[in-house]
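Breakdown of the fold
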Amino acid sequence: MDTTDIRDIRTNPRFAETYQKLAGVRLNPRRHTASSALEHSEAVAARAGALARANGCTAREARLLEDLGRAHDIGKVTGTARPERSLEVLRECGIDDPELLALVERHDTNLPWYMSHERGQPPSDKAWRRLATQVPLRLLCLFMVAD
């Protein structure tokens, strides 16, 4: 698939308007170096794109990861950090790319896996297989590093 198969979400007027509202969402300085969710999202998008290119991803995959960087926290405009709310906002904006939505939904998967590690219990093979059926693991891992 080439880059024409995925539209840049920034060209979606409803998303662009909602995205700009992230400038008013302040982040916890203990967890983030960026002061606003907009600044954080732009930095994540840039890092995700750079990581994609450095790791041999296709132009389409790089665009997908950049879009994920911009979209992953869009739900914060509603006052919540839950990925489910980001999915609702994206759908309200008319964004329906199933791959992007699946990645947004699971972009915080690292937290439960980290907690499992802290308990000394590595994720099970079943958990890995289940996640691998839901999203491209390579792209999710690159994104987690970017985020």
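Residues numbered from 1 in each chain as written. Predicted model: local features only at pLDDT ≥ 70, side-chain atom pairs only at ≥ 80, totals over all residues. Heavy atoms only, no water.

1. A short note on the packing of helix α3 (residues 59–71) against helix α8 (residues 137–146)
Between α3 and α8, the least distance of the axes is 11 Å, while the angle of their chain directions is 45°. Compared by their axis directions, α3 and α8 come out oblique. By crossing handedness, the relation of α3 to α8 is classed as right-handed. Where α3 approaches α8, its residues E61, L64, L65, L68 and G69 are matched on the opposing element by R138, L139, L142 and F143. For the contact of α3 with α8, a count of residues per class yields six nonpolar, one polar and two charged. (Axes fitted to C-alpha atoms, helices over the stretch in contact; angles between N-to-C directions. Helix = DSSP H or I, 4+ residues; strand = E, 2+ residues; numbered from the N terminus. Parallel < 35°, antiparallel > 145°, perpendicular 65-115°, else oblique. Left-handed = near helix turned anticlockwise from the far one by under 90°. Contact = heavy atoms within 4.5 Å. Nonpolar A, V, L, I, M, F, W, Y, C, P; charged D, E, K, R; others polar.)

2. Remarks on the confidence of the model for the protein
The share of residues in the protein with pLDDT of 70 or more is 91%, and the mean pLDDT across the chain is 88. Mean pLDDT values over the elements of the protein span from 65, in helix α6 (residues 110–118), up to 97, in helix α2 (residues 37–54). Contacts for the low-pLDDT stretch residues 1–5, under 50 throughout, to residues beyond four places or in other chains number six contacts. (pLDDT = per-residue confidence, 0-100.)

3. Some thoughts on the nonpolar core
Among the nonpolar cores identified, the biggest contains 36 residues, and F15, L65 and L90 are the most heavily contacted of them. Elements represented by at least two residues in this core include exactly α1 (13–20), α2, α3, α4 (83–92), α5 (98–106) and α8. Once you skip the residues sitting within four places of it in the chain, L90 turns out to touch F15, A71, I74, I95, L101 and V104. (Core = buried A, V, L, I, M, F, W, Y, C linked by side-chain atoms within 4.5 Å. Buried < 20%, exposed > 50% of the residue type's maximum accessible area, 1.4 Å probe, protein only.)

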